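Remarks on the overall topology
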Amino acid sequence: MSHAETLYHRVVVWLLFLILALPLAATLIYALATEWGATILPNGFTLKWMVELWSDPRFLQALWHSLLVCFGSLVLALVLILPLMFVIAYYFPRLDALMNVLILLPFAVPPVVSSVGLMQLYSAPPLALTGTPWILIGCYFTIALPFIYRAISNNMQAINLRDLMDAAHLLGASTWKAALLVVLPNLRKGGMIAVLLSFSFLIGEFVFANLLVGSRYETLQVYLYNMRNGSGHFTSALVISYFLVVLVVTWIANYLNKEKG
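Residues numbered from 1 in each chain as written. Predicted model: local features only at pLDDT ≥ 70, side-chain atom pairs only at ≥ 80, totals over all residues. Heavy atoms only, no water.

A count of helical and extended segments in the chain gives 13 helices and 0 strands. Along the chain, from the amino end to the carboxyl end, the secondary structure elements read α-α-α-α-α-α-α-α-α-α-α-α-α. Across its three principal directions, the C-alpha atoms of the chain cover 75 × 70 × 30 Å. Residue pairs in contact within the chain that sit at least 24 positions apart in sequence constitute 72% of those at least 6 positions apart. Approximately 15,600 Å² of the chain is accessible, and the part contributed by carbon and sulfur atoms is 72%. With 13 positive and 10 negative side-chain charges, the chain shows a spacing of 6 Å between the two charge centroids. (Helix = DSSP H or I, 4+ residues; strand = E, 2+ residues; numbered from the N terminus. Contact = heavy atoms within 4.5 Å. Areas by Shrake-Rupley, 256 points an atom, 1.4 Å probe, with all protein chains shown as cover. Lys, Arg positive; Asp, Glu negative; His and termini not counted. Charge placed at Lys NZ, Arg CZ, Asp CG, Glu CD.)

As structure tokens, this is what we get:
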């Protein structure tokens, strides 16, 4: 590839990046603007809306609720799905095609329909879970499964699972010792990708959170919905803070991935 072609590709990439970042940049400017009405540029800039948002105990509680539910469902999904994936990949590889169909079933039913069914099932004893974080963790667990299964399955195929296990057996390791000490560390990148994809999707989920728990266990998206009639500057600050949280979590995950790599 010539220097001119390389330069052209870089220019195209930067132009696409600027186009995609333009709505977010406009939201950021509005979140920092004192007033922005009939003029092209704001009349001034202030941190008032950001300070007001991050000083609101209700916002901090909603953020904590979202993080707790998201990470709780991801930990549950990883703990349950990793052993199952190992057993399928190593002992029953023919079941992989069936699993690919089963993990897509949660996307076959619209969230509104699922929510109505869940409310009927879990609104009365013995499992009265509606309005609690537990029902959200269960729902988010099913949503995260396709992301986690697909990412880790691709990682397992890339590391040649059976060859690794055979080599570990030749060195005297048992099956489960080899799985924990040899296979699991090699799945770290796939697991990290799965967690980041799932987290970015789950923290923005609204339908299940609004219908199943609402304001009784207010999450970030429900808080944003409840504040929709307030100041546009405040709402813009909330949207920017949402993207900032996702960015910080992604940066921490990538940093830890590099440190261990």
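On inspection of all chains with the given rule, the structure shows 1 salt bridge. Put simply, Glu 218 and Arg 58 hold a salt bridge, and the shortest N to O gap is 2.8 Å. Here Arg 58 lies in helix α3 (residues 57-90) and Glu 218 lies in the loop between α11 (207-213) and α12 (220-226), a separation of 160 residues in the sequence. (Salt bridge = Lys/Arg side-chain N within 4 Å of Asp/Glu carboxyl O.)

Following the criterion strictly, the structure yields 10 aromatic pairs and no others. Taking the centre distance of 5.2 Å and the plane angle of 50° together, the rings of Phe 206 and Tyr 225 count as tilted. You can see Phe 206 sitting in the loop between α10 (188-202) and α11 and its partner Tyr 225 sitting in helix α12, a full 19 residues away along the chain. On the accessibility criterion, Phe 206 (26% relative accessible area) is partly exposed. The partly exposed category is assigned to Tyr 225, whose relative accessible area is 35%. Members of the aromatic cluster, connected to one another through ring pairs, are Phe 86, Tyr 90, Tyr 91, Phe 92 and Trp 176. Between Arg 228 and the ring centre of Tyr 225, over which it is positioned, the NZ or CZ distance is 4.0 Å. (Phe/Tyr/Trp six-rings, centres within 6.5 Å; stacked < 30°, edge-to-face > 60°. Buried < 20%, exposed > 50% of the residue type's maximum accessible area, 1.4 Å probe, protein only. Lys NZ or Arg CZ within 6 Å of the ring centre and 35° of its normal.)

With respect to the helices and strands, Met 156 occurs in helix α7 (residues 133-158). The class of Met 156 is buried, set by a relative accessible area of 6%. Between the alpha carbons of Met 156 and Val 249 there is a distance of 25 Å; along the sequence they are 93 residues apart. When near neighbours in sequence (up to four residues on either side) are disregarded, Met 156 contacts Met 85, Phe 86, Ala 89, Leu 161 and Leu 187.

Here we take up a nonpolar patch on the surface. A contiguous nonpolar surface patch, about 890 Å² in accessible area, is contributed by Trp 54, Leu 60, Leu 244, Leu 247, Val 248, Trp 251, Ile 252, Tyr 255 and Leu 256. Among the elements that line the nonpolar patch, the one with the most residues is helix α13 (residues 232-260), at 7 residues. With respect to the helices and strands, Leu 60 occurs in helix α3. Note on Leu 60: relative accessible area 36%, which makes it partly exposed. (Patch = residues over 30% accessible without salt bridge, like charges linked within 9 Å, V, L, I, M, F, W, Y side chains within 5 Å.)

As a further point, take unusual backbone geometry. Look at Asn 160: it is not a glycine, yet its phi comes out positive at around 55°. Topologically, Asn 160 is positioned in the loop between α7 and α8 (161-170). Residue classification places Asn 160 among the partly exposed residues on the basis of a relative accessible area of 43%.

Moving on to the side chain of Gln 221. Assignment of secondary structure puts Gln 221 in helix α12. On the basis of relative accessibility, which here comes to 14%, the residue Gln 221 falls in the buried class. Excluding residues within four positions of it along the chain, Gln 221 makes contact with Ile 203, Gly 204, Glu 205, Phe 206 and Tyr 242.

Geometric descriptors of this kind do not, in isolation, establish any biological role.
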